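Now for the letters of each chain:
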Amino acid sequence: MTAVLLASAGTSSFPVLPALVVTPVLGALLVMVLPRRRPELLKLVAVSTAVVTGAMSFWLLSAFKVGDPGFQFLSETPWMGDLGVSLLFGIDGISLFLVILTGLLFPVALLAIDPGHDARPYYAWMLLLEAGVMGVFGALDLIVFFLCFEVVLVPMYFLIGRWGHGNSARAATKFFLYTMAGSALMLVGILALAFLHADATGADISFDLVAIAEAQSLSTGAARWIFAAFALAFAVKVPIFPLHTWLPDAHTEAPTAGSVILAGVLLKLGTYGFLRFGLYLFPEASHYFAPVFLTLGVVGIVYGAIVATMQADLKRLVAYSSVAHLGFIILGTFALNTEGIEGGLLQMVNHGVSTGALFLLVGMIYERRGTRMIGDLGGLQKSAPVLAGVFMVVMLSSIGLPGLNGFVGEFLVLLGAFNAHRWWAVAAAGGVILAALYLLWAYQRVFHGPAEGDNADMPDLGLREALVLAPLLALIVFMGVYPKPVIERMEPAVDSLVRHVEFHVDGFSEPVSQMGSEIGPLDDSHGEHG
Amino acid sequence: MVDLIWLVPALPLGGFIVLIFCGRRIGEPFAGWLATGVMAGSFIATVAVFLDMAGRSAHDRRAVVTLFEWIPAGDLSVDVGFLVDPLSLTMCLFITGVGALIHLYSVGYMHGDAGFPRFFAYLNLFTFAMLMLVLGDNLLLTFLGWEGVGACSYMLISFWFTEPANATAGKKAFVTNRIGDWGFMVAMFATFFTFGSLNYVDVLDASEAGTVAQTTATLIAVMLLVGAVGKSAQFPLYLWLPDAMAGPTPVSALIHAATMVTSGVYLLTRVNPVIADAAGWVPDLIAWLGVGTALFAATIAMAQTDIKKVLAYSTISQLGYMFLAVGSGAYVAAVFHMVTHAFFKALLFLGSGSVIHGMDGDQDMRHYGGLRRFMPVTAGTFVVGWLAIAGVPPFSGFWSKDEILAFAWNKSPALWFVGLLTAVLTAFYMTRLMAMTFSGESRYADERPGEEDGGAAALRADHTPHESPRTMTAPLVVLAGLAMVAGFVQLPFSSSTKWLEHWLEPSLYSNEVHLGIGGGTQFLLAAIAVVGGVVGIGVAVAVYVKARVDRGLFEQAIFADAWRIDRSVARFMGGPGRQGFDATNRFDERVVDGAVFGVADVVRRLAGLGRLFHSGMVRTYASGIGVGAVALITWFLVRSTL
């Protein structure tokens with residue numbers, strides 16, 4: 001199967017996807033041999049590595065063939081051939097922008113914030129983290145995917161534990177154990193899947209994602225069980241309500257760069273996993289369990305927003321807003337139509353950009369004031385008008401103001417969800433009211449009102465900070481005004497995924513708009529009958 | 001010419017971009033002149049397009065100008081494109097025209113403010129968003145403008161952000177509006193589900209052709225009504241508008257009187273074929289909601305002492321008339337009143353701003369009195385606005401209100417009666433405002449209750465109220481002229497004098513109701529309305545000028561307290577609402593997160609035996625994963641070599 005794929009898609013001469021993994025690893029090794037007392041040199045090497053990696057990921061954008069639904073930039077390196085494990089990489093419209101997002105956020109996070117102490121291991125861990133994430137988004141082999149998915153935990157654990165604030169050791173532990181417990185079952189699932197697939201087809205054992213997904217050789221029951229094992233791992237990673245409580249702790253205690261990467265990239269591992277290894281591998285089970293996830297998605301949207309409103313710590317507030325935003329992604333994913341999945345994908349990218357920027361801004365306030373407690377802040381717009389202005393734009397993007405990036409994804413998710421299961425969409429749309437509530441209230445308490453004490457003379461954004469934020473702001477506006485180039489590249493892959501689900505689920509057809517039909521109050525399941 | 005329509009929103013957008021990046025370098029007053037200049041340019045562009053359109057025949061007066069594809073996803077394709085038709089052009093004309101005048105006025109009003117360039121940047125951005133709202137050729141682009149004006153309104157209400165009350169008012173406006181936006185969004189989902197498109201041309205033409213089921217049209221119409229009720233401050237979502245007066249007065253004039261708050265009326269007028277397809281109770285609901293809000297807000301306006309609060313409740317009341325018109329199928333009258341209201345209410349707000357300016361920021365009418373001697377231009381133009389809103393012929397408000405009342409009678413005499421009662425109250429409270437502000441004795445230097453000695457009063461006595469600068473009075477004069485003559489675009493005498501109706505025809509399909517009453521009845525209704533207005537004025541004169549009747553009779557505490565609704569809602573939000581949120585938060589901490597630790601605890605106890613191997617240090621576990629991964633790989637490697 002893979003051979004056919006390789007032949008049809010053609011291989012690029014330069015294995016760019018493995019290079020995206022290998023470059024940060026090499027950078028990390030280089031950092032480790034540099035003298036520990038030269039933090040500026042360490043930073044230079046780390047940032048350059050991340051910039052080179054980022055540049056390669058952006059190169060993908062130009063070389064990516066628009067309109068091609070399949071995997072591109074395929075590269076296969078034999079590894080453990082007898083066991084069917086090979087270093088198989090490839091990306092399509094679903095993973096393309098996640099790779100680019102990763103390539104963008106790492107240099108930004110590295111540039112924006114210095115670790116303060118122990119610079120050498122910090123940069124090494126950050127670069128290893130990037131390698132792992134790139135591996136997750138590029139891997140087309142289940143074992144390679146799983147290894148990368150797990151490897152990501154280690155650097156993140158150390159980043160939170162060593163460079164975090166407050167009770168960071170406890171937060172790091174919680175993060176680690178929680179996500180570990182989730183993915184333990186996934187390994188069992190992967191092994192079972194490969195063996196059952198080999199049994200059913202009589203072929204050699206293989207962990208080739210495309211081969212297994214296209215064959216759909218498992219019995220319905222087995223597929224549902226294995227899907228559940230995968231889903232648990234992803235659900236913790238997303239996180240989906242009620243498995244979300246590791247997130248606010250991890251975010252609050254993590255260093256700023258850690259929060260940026262955690263929110264911007266790491267949370268997408270779960271949502272990406274649902275698309276690539278949920279819907280694609282187990283279309284029938286995904287359809288079967290969809291109501292569960294739709295419900296949890298909507299609960300997450302409303303619940304996350306309500307809890308966010310009551311937070312006293314700015315970082316915790318942003319963390320809970322992520323719970324709400326990721327609820328939208330889950331809702332869109334399990335709407336199982338093009339609009340919903342595409343909206344979810346856009347929301348992944350947009351959430352990365354906006355929430356990444358929000359965490360940077362909160363970090364900048366923390367650097368200046370030594371506190372993130374909303375009650376200690378106030379009137380900052382007077383002393384730092386530019387910072388306040390940037391915060392305002394990012395906040396409005398997070399609220400989902402049309403014309404900025406956040407809206408496009410959110411709207412498409414809701415539109416798709418309405419076509420599939422309208423009452424869920426109607427309830428989820430209520431989340432937009434709450435989003436305005438918690439963010440505007442926080443903004444008011446932090447930036448408006450009279451400025452007293454240290455708040456009165458807080459310095460405004462510096463040039464470096466402005467430069468770091470500029471690309472994110474530009475993306476926020478661009479993606480809101482002209483998302484077409486992005487959607488255009490996503491659509492063929494999303495479409496083919498939806499067709500795949502349609503094809504393998506009996507009697508299911510994509511819930512689309514019904515021209516001229518009547519909206520009856522009880523007619524909520526038309527997605528079921530073809 | 002029609003292709004030039006993109007210039008109309010592009011100019012204010014350009015102004016915004018320049019001002020936000022180099023506003024501080026441009027400084028005062030040039031930032032204000034730049035903003036005013038782009039608005040004037042935008043107005044000229046609108047006029048050019050209008051003249052082109054006005055010369056065309058009815059079926060030719062609709063054009064779609066597409067700039068680029070905005071969101072293409074799945075079956076959805078939404079453009080950034082403009083629907084140029086009589087309705088959108090009418091809106092553009094008064095948005096850019098009144099907008100330019102208010103920009104000009106602001107140059108004087110905001111003089112010396114530290115945030116001068118920022119103010120004009122926001123004002124330009126607001127106008128851009130407002131123009132996108134009315135020009136968008138699909139619901140989603142209208143929604144972009146809809147949310148954009150909401151965000152600008154938020155930023156401008158809390159413009160003087162160091163005052164906590166202003167910041168709270170801005171937030172309240174945004175969040176309350178979002179409740180309405182929820183309705184708008186659901187309406188869009190239902191529209192896309194039903195029509196497979198969000199473009200007005202597709203949706204409205206299909207709806208007009210009758211391809212849509214009644215239940216569906218009802219759902220869409222009701223959800224759009226929820227949105228309109230939020231934006232146009234109708235009951236029960238009006239709560240944000242009185243608080244929105246915390247913003248600078250030009251903002252109140254532009255956003256909270258002339259333009260943004262009419263968006264709801266625009267939206268309902270735009271989708272008139274959908275309302276026509278909806279169940280019969282939908283128009284009834286719109287009409288009763290409108291007339292109910294009109295009466296309700298008028299009673300509150302009677303007892304307010306803050307001059308801007310009176311005008312704010314008056315705006316809510318007048319918007320209620322427009323909803324009454326829409327519900328009565330009198331779309332032309334709704335647009336007509338929207339235009340005349342834009343002129344006379346902008347005039348009244350700017351006039352009140354001039355008064356506040358002359359009184360050094362004091363908004364309490366009890367401190368005014370006799371101001372006509374100090375500010376003759378403001379007083380003179382204010383008289384025009386007063387007569388127009390009170391429905392005195394031949395001022396513009398008379399014609400538009402009269403037309404609405406005629407259609408209300410046509411639908412149901414009960415609607416007409418409530419509308420008439422509101423008109424009487426309107427004349428009353430506006431006369432009260434006039435009397436307290438401009439006539440009688442000057443009270444600015446009087447001692448006020450609660451003041452310790454005469455020191456403060458003596459200080460005020462040195463500060464004589466003064467007339468405002470030319471930049472402020474010039475717009476007042478222009479608006480007064482418009483408020484006088486705007487009624488002549490739609491005179492009820494014969495078909496040929498109904499210019500506005502003919503002009504709007506292509507936008508209204510055939511959904512404009514035809515008046516089933518004769519000329520005689522219509523004349524009689526108008527006469528009754530005039531008499532009602534005169535009665536309202538007369539009573540107010542007796543109370544506030546001649547002091548023959550006790551004012552406490554009209555200024556009931558329940559009116560002054562806005563029927564206690566705002567306070568009750570605030571108490572609910574601060575009480576049970578907040579407690580509910582708090583409880584959810586505690587649930588998250590104790591139950592959801594607690595369960596995790598519970599599980600961890602159980603595991604720890606069960607694993608007592610295994611404790612020898614487990615140090616409890618995750619650092620060890622993390623290293624373990626590394627070792628494990630290596631072991632796994634090794635195992636694979638070993639097996640593969642066998």
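Residues numbered from 1 in each chain as written. Chains lettered and ligands numbered in written order. Predicted model: local features only at pLDDT ≥ 70, side-chain atom pairs only at ≥ 80, totals over all residues. Heavy atoms only, no water.

Undergrad: Give a description of the overall build of chain A that names residues and reports values.
TA: Counting secondary structure elements, chain A contains 22 helices and two strands. A globule of 530 residues ought to have a C-alpha radius of gyration of about 24 Å, and chain A, at 22 Å, matches this closely. A burial count over chain A gives 68% of its 530 residues as buried. Counted over contacts in chain A with a minimum sequence separation of 6, partners at least 24 positions apart contribute 80%. When the accessible surface of chain A is split by element, carbon and sulfur atoms take 66% of a total near 15900 Å². (Helix = DSSP H or I, 4+ residues; strand = E, 2+ residues; numbered from the N terminus. Rg over C-alpha atoms; globule rule 2.2 N^0.38 Å. Buried < 20%, exposed > 50% of the residue type's maximum accessible area, 1.4 Å probe, protein only. Contact = heavy atoms within 4.5 Å. Areas by Shrake-Rupley, 256 points an atom, 1.4 Å probe, with all protein chains shown as cover.)

Undergrad: Before we move on, could you go through the overall build of chain B and cite the residues and values that matter?
TA: Counting its regular elements, chain B contains 25 helices and two strands. The dimensions of chain B, computed from C-alpha atoms along their principal axes, are 105 × 70 × 50 Å. By residue count, 59% of the 642 residues in chain B fall in the buried class. Across chain B, the fraction of contacts at a sequence separation of at least 24, relative to all contacts at a separation of at least 6, is 79%. As displayed, chain B offers around 23100 Å² of accessible surface, 66% of which is attributable to carbon and sulfur atoms.

Undergrad: An account of the nonpolar core is requested, with residue identities and associated values reported.
TA: Ranked by internal contacts, the top residues of the largest apolar core, which has 438 residues, are Phe230(A), Phe274(A), Leu281(A), Leu360(A), Phe411(A) and Val84(B). It is helix 15 (residues 331–358) of chain B that contributes the most residues to this core, 18 residues altogether. Contact partners of Phe411(A), with chain neighbours within four places excluded, come to Leu76(B), Leu140(B), Met185(B), Met188(B), Phe189(B) and Leu198(B). (Core = buried A, V, L, I, M, F, W, Y, C linked by side-chain atoms within 4.5 Å.)

Undergrad: Outline the pairing of strand 2 (residues 76–84) of chain B, listing residues and values.
TA: Residue and element names in this part refer to chain B. With respect to burial, strand 2 is a largely interior element, eight of its nine residues being buried. Direction of pairing for strand 1 (residues 63–73) relative to strand 2: antiparallel, over a ladder of nine bridges. Residue pairing across strands places Glu-69 opposite Asp-79, the latter belonging to strand 2. (Pairing = 2+ DSSP bridges.)

Undergrad: Outline the interface of chain A and chain B, listing residues and values.
TA: Each partner contributes residues to the interface: chain A has 84 residues there, and chain B has 67 residues. When chain A packs against chain B, close to 7000 Å² is buried across both sides, 74% of that on carbon and sulfur atoms. At the junction of chain A with chain B, the criterion picks out two salt bridges. Ionic pairing is found between Glu69(B) and Lys484(A), a salt bridge with its closest N-O pair at 3.1 Å. In this structure, the connection of chain A to chain B is made through 16 residue pairs in polar contact (both at pLDDT 80 or more). At 10 residues, helix 20 (residues 431–447) of chain A tops the list of elements feeding residues into the side of chain A that touches chain B. (Buried area = accessible area lost by both parts, 1.4 Å probe. Salt bridge = Lys/Arg side-chain N within 4 Å of Asp/Glu carboxyl O. Polar contact = N/O pair within 3.5 Å; in protein donor to acceptor, adjacent residues only side chain to side chain.)

Undergrad: Please provide a residue-by-residue account of the environment of Gly54(A), values included.
TA: Within the secondary structure layout, Gly54(A) lies in helix 3 (residues 39–63). Measuring from C-alpha to C-alpha, the distance between Gly54(A) and Gly103(A) comes to 3.8 Å, with 49 residues separating the pair along the chain.

Undergrad: Please give an account of the confidence of the model for chain B that cites residues and values.
TA: With 94% of its residues at a pLDDT of at least 70, chain B reaches an overall mean of 91. As scored by the predictor, the complex reaches a pTM of 0.93 and an ipTM of 0.92. (pLDDT = per-residue confidence, 0-100.)

Undergrad: I'd like a description of the pattern of salt bridges, backed by residues and values.
TA: This model, assessed by the stated rule, comprises 28 salt bridges over all chains. Ionic pairing is found between Asp249(A) and Lys174(A), a salt bridge with its closest N-O pair at 2.6 Å. One end of the pair, Asp249(A), is in helix 11 (residues 246–253); the other, Lys174(A), is in helix 8 (residues 168–201), and 75 residues separate them in sequence. The pair formed by Asp249(A) and Lys174(A) is uniform in burial state, with each residue classed as buried. In this structure, the salt-bridge partner of Asp561(B) is Arg564(B), at a minimum N-O distance of 3.7 Å. When its relative accessible area of 22% is taken as the criterion, Asp561(B) is described as partly exposed. Judged by its relative accessible area of 43%, Arg564(B) falls in the partly exposed class. The network of salt bridges with common partners includes Lys174(A), Asp249(A), Arg316(A) and Asp593(B).

Undergrad: How would you sum up helix 6 (residues 164–195) of chain B? Please name residues and give values.
TA: Residues and elements named next belong to chain B. Helix length check: helix 6 (32 residues) gives 46 Å between terminal C-alpha atoms against 46 Å at 1.5 Å per residue, within 8%. The largest bend in helix 6 is about 30°, located at Ile-179. Burial within helix 6 is extensive, with 26 of its 32 residues counted as buried. Looking at the residues trailing helix 6, positive phi occurs at Gly-196, about 70°. (Expected span 1.5 Å × (residues − 1). Bend = angle between axes of the 7 residues up to and from the residue.)

Undergrad: Report on the packing of helix 15 (residues 338–369) of chain A against helix 18 (residues 405–420) of chain A, specifying residues and quantitative values.
TA: All names here are of chain A. At a closest axis distance of 7 Å, the pairing of helix 15 and helix 18 adopts a crossing angle of 155°. When the interaxial angle is binned, helix 15 and helix 18 end up roughly antiparallel. Handedness of the crossing formed by helix 15 with helix 18: left-handed. On the side of helix 15, the interface is formed by Glu-339, Gly-340, Gly-343, Gly-344, Leu-346, Gln-347, Asn-350, Val-353 and Ser-354, while helix 18 contributes Asn-405, Gly-406, Val-408, Gly-409, Glu-410, Leu-412, Val-413 and Gly-416. Across the contact of helix 15 with helix 18, the residue classes break down as five nonpolar, 10 polar and two charged. (Axes fitted to C-alpha atoms, helices over the stretch in contact; angles between N-to-C directions. Parallel < 35°, antiparallel > 145°, perpendicular 65-115°, else oblique. Left-handed = near helix turned anticlockwise from the far one by under 90°. Nonpolar A, V, L, I, M, F, W, Y, C, P; charged D, E, K, R; others polar.)

Undergrad: Got a sec to walk through unusual backbone geometry? Specific residues and values, please.
TA: The omega torsion across Phe241(A) and Pro242(A) is 0°, close enough to zero to call that bond cis. Along the chain, Pro242(A) falls in the loop between helix 10 (220–237) and helix 11. With an omega of 0°, the peptide bond between Glu28(B) and Pro29(B) qualifies as cis. Along the chain, the position of Pro29(B) falls in the loop between helix 1 (7–26) and helix 2 (30–54). In the Ramachandran plot, Phe73(A) falls in the positive-phi region, its phi being about 55° despite a non-glycine side chain. Examined against the element boundaries, Phe73(A) turns out to sit in strand 1 (residues 72–80). Taking the relative accessible area as the measure of exposure, Phe73(A) reaches 9% and is therefore buried. Unlike most non-glycine residues, Gln216(A) shows phi in positive territory, near 50°.

Undergrad: Talk me through the packing of helix 13 (residues 283–309) of chain A against helix 19 (residues 422–429) of chain A; I want residue IDs and the actual numbers.
TA: Residue and element names in this part refer to chain A. Remark: helix 13 packs on helix 19, axes separated minimally by 9 Å, with the N-to-C direction vectors making an angle of 15°. What the angle tells us is that helix 13 and helix 19 run roughly parallel. Considering only the axes of helix 13 and helix 19, their crossing is left-handed. Side by side, helix 13 and helix 19 meet where Leu-294, Thr-295, Val-298, Ile-301 and Val-302 of the first sit next to Trp-424, Ala-427 and Ala-428 of the second. Looking at the contact of helix 13 with helix 19 residue by residue, the class counts come to seven nonpolar, one polar and no charged.

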